[in-house]
Amino acid sequence: MKESFKVCFCCVRSFKVKTSEPPQEIKTLFEDYSGDGRMSVDEMLRFVIQVQGEKHADSNYVKDIFHRLKHHGVFHPRGIHLEGFYRYLLSDFNSPLPPSGEVWQDMNQPLSHYFLYTGHNSYLTGNQLNSRSSTGPIVKALRSGVRVIELDLWPNSSGTEAEVRHGGTLTSTEDLQKCLNAVKENAFAVSEYPVVLTLEDHLPPDLQKKVAKMVSKTFGGTLFRCTDEYKERFPSPEALKNKILISTKPPKEYLQTQVSQSATTDESVKAKKVADAEELIQEEDEETVAIEYRDLISIHAGNRKGGLKNCLNGDPNRVIRLSMSEQWLETLAKNRGSDLVKFTQRNILRIFPKTTRFDSSNYDPLVGWIHGAQMVAFNMQSHGRFLWMMQGMFKANGGCGYVKKPDVLLSNGPGGESFDPSSKSLQIKTVLKVKIYNGEGWNLDFPQDYFDRYSPPDFYAKASIGIAGIPLDTTSYRTETDTDEWFPVWDKEFVFPLRVPELALLYITVKDYDSNTQNDFAGQTCLPLSEIRPGIRAVRLHDRAGEVLKHARLLVRFVLEPR
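Description of the structure in this document. (Residues numbered from 1 in each chain as written. Predicted model: local features only at pLDDT ≥ 70, side-chain atom pairs only at ≥ 80, totals over all residues. Heavy atoms only, no water.)

A look at the packing of aromatic side chains
Centre-to-centre distance and the angle between the planes together describe a pair of aromatic rings. Operational definition: Classification of ring pairs uses Phe, Tyr and Trp, with its six-membered ring standing for Trp, and accepts pairs whose centres are within 6.5 Å; under 30 degrees between planes counts as stacked, over 60 as edge-to-face, and the remaining range as tilted. We count a stretch as a helix when DSSP gives it H or I for four or more residues in a row; a strand needs E for two or more, and each element gets its number in order from the N terminus. The classification of residues rests on relative accessible area computed with a 1.4 Å probe and restricted to protein chains. Under 20% of the type maximum is buried, over 50% is exposed, and intermediate values are partly exposed.
By the definition in use, this model includes 20 aromatic pairs. Judged by centre distance (5.4 Å) and plane angle (0°), the rings of Tyr477 and Phe494 are stacked. Taken together, the residues Tyr477 in strand β18 (residues 476–478) and Phe494 in strand β19 (residues 489–498) connect sequence positions 17 residues apart. Among the residues examined, Phe494 registers a relative accessible area of 3% and is labelled buried. Ring pairing ties together the aromatic residues Phe30, Tyr33, Phe47, Phe85, Tyr88 and Phe93, which thus form one cluster.

As structure tokens, this is what we get:
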């Protein structure tokens with residue numbers, strides 16, 4: 001079979017087109033586990049247990065595989081041929097991740113013991129300067145498993161109502177009630193675990209009272225109201241199923257924050273403003289404005305008192321949520337990494353993008369995760385490698401939006417010392433071996449001339465590990481380029497020694513090589529190592545937005561060797 005590309009009106013280039021066929025290693029395995037050119041139920045069961053590591057499998061499990069293969073026209077009553085075996089290996093039901101989507105981690109620990117799938121400026125459809133505000137991104141985020149939604153609240157032009165907008169920019173506004181309704185209607189569409197609504201409010205007390213009534217009326221019994229029982233310890237995700245939590249600064253702390261951020265440098269003026277603010281709150285308390293608003297808050301957002309030097313001191317009598325920019329995090333991580341880890345053992349740390357990310361780009365989420373930050377807030381409307389890593393991390397634990405932090409971030413050493421991500425003395429715990437055999441499906445997902453105008457694509461795959469930000473463990477490799485092939489064959493193995501495998505993400509991209517221009521993107525995937533099933537698996541690829549491509553996939557073998 002040939003494929004032709006028209007170069008000009010009188011010249012055509014033709015290429016012999018190969019079909020997707022089993023690599024030699026797959027043929028050998030089939031021969032080892034089959035007889036007379038067919039693999040029976042019992043022989044397939046032996047393969048599934050010994051090679052795929054699926055110890056739970058039984059004959060019914062294999063019969064279900066055979067039944068599914070009927071749709072491919074490669075099934076025989078006496079067993080499957082090599083082509084049927086190959087189709088099984090490349091099928092959707094041979095995923096590297098558990099197929100059930102089951103929540104398997106312990107969900108009875110405090111919220112501070114989990115990473116939460118967190119959005120930033122959740123209402124924006126595009127950039128941070130002049131894009132449209134809408135409920136659409138909120139709905140999409142919640143239906144993708146995001147568990148933390150952020151709304152910025154400001155007075156409207158007349159000062160009579162609260163509205164949602166990104167202050168100080170040309171972005172449009174959105175109706176607050178519509179946003180609250182979007183949260184209510186979609187909060188538990190894909191996960192029953194709690195949704196946290198972070199309110200970055202810039203409202204006077206009278207509008208705070210209105211917001212309190214709107215929130216209470218909209219969410220009703222799903223709204224979680226905190227009691228003294230949880231003052232020193234957050235409740236667990238299990239205890240908060242189907243609940244919505246409000247997180248913001250209490251009114252008094254909010255006003256003090258506004259004063260501390262004011263332009264004046266005169267300390268006496270600032271002191272008077274603080275006193276006036278406290279007097280205002282005291283007066284409003286009598287009218288129950290501050291009380292109504294304060295009582296909504298189940299995760300108190302604290303101030304960064306004392307700047308970088310003292311912000312991590314914490315309060316032994318109360319747990320809080322602390323927010324800081326990615327720059328603050330990077331600065332603290334350089335010299336106080338273990339202090340960050342210790343702070344996040346009890347308290348919640350939220351990281352947000354720096355203000356100069358006007359294009360809604362994102363930052364490396366691993367910097368936050370390896371220091372225990374639970375809420376690494378991302379612009380979900382963006383694309384790129386860091387968002388793919390975020391999406392990959394939260395494929396774990398059934399995609400419920402909560403991933404339990406590894407014990408290394410929650411426990412202390414014999415001397416009370418916390419984990420230091422920058423330590424050079426960590427020992428190798430696991431060796432991951434990744435063998436990329438081949439790939440297929442691009443000819444069905446893309447037009448003939450999508451990658452190269454005058455020839456089939458020149459695909460190569462790049463595999464990299466993002467692991468705890470430790471330079472010794474962060475490695476990337478790439479395959480050779482298979483020239484002019486829709487069905488590339490690489491047959492290449494990579495070895496990754498890992499010191500903190502619990503935080504590892506396997507990131508694979510496929511690109512079409514171009515010698516004169518930028519290489520073309522052909523698919524990506526990001527997998528949490530904690531979820532990867534050993535054996536030979538079909539790894540489906542995703543587009544730039546993180547959506548699964550219908551046909552493009554890789555055949556990959558995973559081997560995990562504990563040390």
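Some details on unusual backbone geometry
Phi is positive for Asp36, close to 60°, though the residue is something other than glycine. Following the sequence through the fold, Asp36 ends up in the loop between α1 (24–32) and α2 (41–50). Exposure remark for Asp36: the relative accessible area of 79% places this residue in the exposed category. Of note in the backbone geometry, Ser360 takes a positive phi value of approximately 65° without being a glycine. A relative accessible area of 1% places Ser360 in the buried class.

Examining the packing of α1 against helix α4 (residues 82–89)
Which entries qualify depends on this criterion: To obtain each axis, a line is fitted to C-alpha atoms, and for helices this fit is confined to the stretch in contact; angles are then taken between N-to-C directions over 0 to 180 degrees. By definition, any crossing whose near helix is turned counterclockwise from its far helix by less than a right angle is left-handed, and any crossing with a clockwise turn is right-handed. Between two residues, a contact is recorded if the distance between any of their heavy atoms is within 4.5 Å. For this classification, Asp, Glu, Lys and Arg are treated as charged, while Ala, Val, Leu, Ile, Met, Phe, Trp, Tyr, Cys and Pro are nonpolar and the rest, including Gly, are polar.
Where α1 contacts α4, the two axes come as close as 10 Å, and the packing angle between them is 115°. For the crossing formed where α1 meets α4, the hand is right-handed. Mapping the contact onto sequence places Ile26, Lys27 and Phe30 in α1 and Leu82, Phe85 and Leu89 in α4. Residues that form the contact of α1 with α4 fall into these classes: 5 nonpolar, no polar and 1 charged.

Concerning the nonpolar core
Threshold: By nonpolar core is meant a set of buried Ala, Val, Leu, Ile, Met, Phe, Trp, Tyr and Cys residues that side-chain atoms within 4.5 Å join together. Marked domain ranges trace back to an automatic or database domain assignment.
Counting residues in each nonpolar core, the largest one holds 69 residues, and the members touching the most others are Ile138, Leu151, Leu197, Met324 and Trp369. The residues that make up this core include at least three from each of domain 2 (111–252 + 289–409) and domain 3 (426–562). Among residues more than four places away in sequence, those in contact with Leu197 are Ile149, Leu151, Leu180, Val183, Phe219, Leu245, Ile246 and Ser247.

A look at helix α3 (residues 59–69)
Going by this rule: It is the directions from the helix axis to the C-beta atoms that the arc portrays. In the analysis that follows, any N or O atom pair within 3.5 Å is treated as a polar contact, provided that within protein one partner can donate a hydrogen and the other can accept it, and provided that, for residues neighboring in sequence, both atoms belong to side chains.
Here α3 has its buried residues at Val62, Ile65, Phe66 and Leu69. The arc that holds the buried residues of α3, viewed along the axis, is 95°, so those residues lie on one side. The backbone nitrogen of Asn60 lies 3.2 Å from a side-chain oxygen of the residue at the head of α3, namely Asp58.

As for the pattern of salt bridges
The cut-off we apply is this: A pair is scored as a salt bridge if a Lys or Arg side-chain nitrogen falls within 4 Å of a carboxyl oxygen belonging to Asp or Glu.
Taken as a whole, this structure holds 21 salt bridges when the rule is applied. The salt bridge partner of Glu25 is Lys435, with a shortest N-O separation of 2.6 Å. Residue Glu25 is located in helix α1, and its partner Lys435 is located in strand β16 (residues 430–440); the two are separated by 410 residues in the primary sequence. Here the salt bridges do not stand alone but share partners, grouping Glu25, Lys435, Asp491 and Arg557 into one network.

Focus on the side chain of Asp514
Rule in force here: Charge counting follows a simple rule: Lys and Arg are positive, Asp and Glu are negative, and His as well as the terminal groups are ignored.
Looking at the secondary structure, you find Asp514 in the loop between β20 (504–512) and β21 (520–528). With no salt bridge to any partner, buried Asp514 finds its closest opposite charge in Arg544, at an N-O distance of 10 Å. Contacts of Asp514, omitting those with residues within four sequence positions, involve Phe451, Asp452, Asn519 and Asp520.

Examining the sheet that holds strand β10 (residues 244–248)
Under the convention used in this document: Pairing between strands is defined by DSSP: at least two bridges between the two strands are required.
The strand order across the open sheet formed by 6 strands is β8-β7-β6-β9-β10-β11, and the pairing between neighbours is mixed. The open sheet has two free edges, formed respectively by β8 (174–175) and β11 (297–300), since each of these has just one partner strand. Pairing analysis gives 3 bridges linking β10 to β11, with the strands arranged parallel. Residue pairing across strands places Ser247 opposite Ile299, the latter belonging to β11.

So, the packing of α2 against α4
For the pair α2 and α4, the least separation of the axes is 13 Å and the interaxial angle reads 35°. Between α2 and α4 the crossing geometry is right-handed. Contact residues: Met44, Phe47 and Val48 in α2; Phe85, Tyr88 and Leu89 in α4. Class assignment of the residues belonging to the contact of α2 with α4 gives a composition of 6 nonpolar, no polar and no charged.

Here we look at the environment of Leu199
Within the fold, Leu199 resides in strand β9 (residues 195–201). When its relative accessible area of 2% is taken as the criterion, Leu199 is described as buried. As a C-alpha pair, Leu199 and Ser247 span 48 residues in sequence and 6.3 Å in three-dimensional space. Excluding anything up to four places from it in sequence, Leu199 contacts Leu151, Leu153, Ile246, Ser247, Thr248 and Tyr293.

Read these as geometric descriptors, not functional statements.
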